[in-house]
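# Survey of secondary and tertiary structure
Take a look at the letters that make up each chain.
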Amino acid sequence: MNPYILAILLFGLGLGTTITFASSHWLLAWMGLEMNTLAIMPLMAQHHHPRAIEATTKYFLTQAAAAATLLFASVTNAWLTGQWEIQQITHPLPSTMITLALALKIGLAPLHAWLPEVLQGLDLTTGLILSTWQKLAPFALILQIQPSSSTLLIILGLASALIGGWGGLNQTQLRKILAYSSIAHLGWMILVLQFSPSLTLLTLLTYFIMTFSTFLVFKLNKATNINTLATSWTKAPTLTALAPLILLSLGGLPPLTGFMPKWLILQELTKQGLAPTATLAALSALLSLYFYLRLSYAMSLTISPNNLTGTTPWRFSSTQLTYPLATSTAMTICLLPLTPAISALLNP
């Protein structure tokens, strides 16, 4: 892609998200979300492959449906209450519609079916943008409206955590596994949103760091399925030794960074008298942990001649920068000791 066009598209992505962040009016927020969608679509379709075009079409249809629902709900709210302020959503009908529209935008279960299919059709770089940056603007709106229906949020959160765990179990394609991982993590964030918005932001930030590391590891190995991953130890042995730690951090095992948000969320849910919900969420994390362990096993415990059946691809030396990967990997593995300081910041 022409670097000037790429720069314009990335600027459009940034501008769309910034407009949504800065807006207090529903029309402006909707406009920012639309700019976001339109800016990422050429990036998704740039390879001119039938899978990429299919993924782009699916993404466009779901995002257009979500944006239309959002616009309809905000007009309904203006009709019922007479104002367009984002933080003044008082009526339960527009509040519920907006929550569901934003859930469709970010891929929360049961409105998640598009996400694995779309991510599977993209290359790893665009997939990373879709899994991280594209979640920011809808999350900003969800945090601002503070949905009135707490039951809806708990149902969305639990369903996402469970379906994100179940869905990834029988997958062999890494991008689909990462899509289900994304659904499960979003479920955890939505569960605790109404009780501690700052904790939701912390979980979103740690999810970004861990997902960034995972995508960069797969990109360095040019891996798109488990079999390719099994032969990665010949190319980057040190990274192959660290990759299971990154994956287990995504799964939420102590003493890695990914344990911190899960620990604090379970603690917060228990404080709010939702012990059964916390138990179900913790059990759903076990489902996710299974497929992270499966990837770790394929990557580092199947060294030749016991490796999975797969042809070794021709390997060229990678041109990828290693500083971002080194930084994000260190953060993915080592941030758990900062938990007391972060807790103090969350609860001043």
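Residues numbered from 1 in each chain as written. Predicted model: local features only at pLDDT ≥ 70, side-chain atom pairs only at ≥ 80, totals over all residues. Heavy atoms only, no water.

## Quick look at the pattern of salt bridges
This is how it is decided: When a carboxyl oxygen of Asp or Glu lies within 4 Å of a side-chain nitrogen of Lys or Arg, that pair is called a salt bridge. Each helix is a run of DSSP H or I of at least 4 residues and each strand a run of E of at least 2, with the numbering of both proceeding from the N terminus.
Summed over all chains, the structure comprises four salt bridges. Of the charged contacts, one joins K176 and E117 as a salt bridge, the two residues approaching to 3.5 Å between their closest N and O atoms. A residue pair is termed long-range when its members are at least 10 positions apart, and K176 in helix α9 (residues 174-192) and E117 in helix α5 (residues 114-120) qualify at 59 residues. A cluster of three or more residues bridged by salt bridges with shared partners is formed by R51, E54, K58, E117 and K176.

## Looking at the packing of helix α8 (residues 150-167) against helix α14 (residues 275-300)
Between two packed helices, both the angle of their axes relative to each other and the distance between the axes serve to describe the pair. The condition is simple: Inter-axis angles, ranging from 0 to 180 degrees, are taken between N-to-C directions of lines fitted to C-alpha atoms, where helices are fitted over the stretch in contact. Put simply, angles under 35 degrees are roughly parallel, angles over 145 are roughly antiparallel, angles from 65 to 115 are roughly perpendicular, and the rest are oblique. The sense of a crossing depends on the near helix, which, turned anticlockwise from the far helix by less than a right angle, makes the crossing left-handed and, turned clockwise, makes it right-handed. Residue contacts are defined here by distance: any two heavy atoms, one from each residue, within 4.5 Å place the two residues in contact. The classification used treats Ala, Val, Leu, Ile, Met, Phe, Trp, Tyr, Cys and Pro as nonpolar, Asp, Glu, Lys and Arg as charged, and all other residues, Gly among them, as polar.
In contact at an axis separation of 7 Å, α8 and α14 are set at 25 degrees when each is read in the N-to-C sense. On the basis of their axis angle, the class for α8 and α14 is roughly parallel. Crossing angle aside, the handedness with which α8 passes α14 is left-handed. Residues I154, L158, A161, L162, G164, G165 and W166 of α8 form the contact with α14, whose participating residues are T277, L280, A281, S284, L287, S288 and F291. Among the residues making up the contact of α8 with α14, the classes are represented as nine nonpolar, five polar and no charged.

## A word on the environment of L202
Along the polypeptide, L202 turns up in helix α10 (residues 197-220). Sequence spacing of L202 and P261 is 59 residues, and the spatial spacing of their C-alpha atoms is 7.0 Å. If we ignore the near neighbours within four places in the chain, the residues touching L202 are L264, I342 and L346.

## Here's the deal with the domain arrangement of the protein
We apply this condition: Annotation comment: domain bounds sourced from an automatic or database domain assignment. Accessible area that two parts lose when put together, with a 1.4 Å probe and added across both, is what the buried area reports. In protein, a polar contact means a hydrogen-donor-capable atom and an acceptor-capable atom, both N or O and within 3.5 Å, with residues adjacent in sequence counting only if both atoms are side-chain atoms; elsewhere, any N or O pair within 3.5 Å suffices.
Assigned domains of the protein: these are domain 1 (1-122) and domain 2 (149-307 + 319-347). Relative placement of domain 1 and domain 2: their C-alpha centres are 24 Å apart. Residue-level contacts link 16 residues of domain 1 with 18 residues of domain 2. With both chains or domains summed, domain 1 and domain 2 bury close to 1,500 Å², and 74% of this area falls on carbon and sulfur atoms. Contact with domain 2 buries surface across domain 1, with L108, A109 and Q120 losing the most and accounting together for 35% of the total. Run the count over domain 1 and domain 2 and you get five residue pairs in polar contact (both at pLDDT 80 or more). Where the side of domain 1 that touches domain 2 is concerned, the elements lending two or more residues are α4 (92-106) and α5. Class assignment for the residues of the side of domain 1 that touches domain 2 results in ten nonpolar, five polar and one charged.

## So, the nonpolar core
The test is simple: Here, the term nonpolar core denotes a set of buried Ala, Val, Leu, Ile, Met, Phe, Trp, Tyr and Cys residues that are joined through side-chain atoms within 4.5 Å. To sort residues, take the accessible area from a 1.4 Å probe on protein chains only and compare it with the maximum for the residue type: under 20% means buried, over 50% means exposed, and anything in between is partly exposed.
Counting residues in hydrophobic clusters, the biggest one holds 47 residues, and the most contacted among them are I40, Y59, V118, L130, V217, F218 and L295. Residues within four places of L295 in sequence aside, it is in contact with L174, I177, F218, I226, L229 and L247.

## What to know about the UniProt feature "transmembrane region" (unreviewed entry) in the protein
Here is the rule: UniProt positions are given in the numbering used here, feature names are shortened, and annotations may be inferred rather than shown by experiment.
The positions UniProt marks with the feature "transmembrane region" (unreviewed entry) are residues 60-80, 92-115, 151-170, 177-195, 201-221, 233-253 and 273-293. Structurally, residues 201-221 comprises 95% helix and 0% strand, and the distance from its first C-alpha atom to its last is 31 Å. Taken as a whole, residues 273-293 contains 90% helix and 0% strand, while its terminal C-alpha atoms sit 32 Å from one another.

## Observations concerning the packing of aromatic side chains
The condition that has to hold: Pairing of aromatic side chains requires ring centres within 6.5 Å, counting the rings of Phe and Tyr and the six-membered ring of Trp. Pairs whose planes differ by under 30 degrees are stacked, by over 60 edge-to-face, and all others tilted. Counted as over-ring charges are cases with an Arg CZ or a Lys NZ within 6 Å of the ring centre that also lie within 35 degrees of the ring normal.
Here the structure, examined in full by the defined rule, presents four aromatic pairs. Taking 5.5 Å as the distance between ring centres and 15 degrees as the angle between the ring planes, the aromatic pair formed by F259 and W263 counts as stacked. Taken together, the residues F259 and W263, both in helix α13 (residues 259-271) and four residues apart, mark about one turn of the helix. Classification of F259 by relative accessible area gives partly exposed; the value is 25%. Given the relative accessible area of 39%, W263 is considered partly exposed. Here the aromatic rings of F291 and Y292 are separated by 5.0 Å at their centres, their planes lie at 55 degrees, and the arrangement is tilted. Residues F291 and Y292 agree in their burial class; the two are buried. Here K262 stacks its cationic end above the ring of W188, 5.2 Å away from the centre of that ring.

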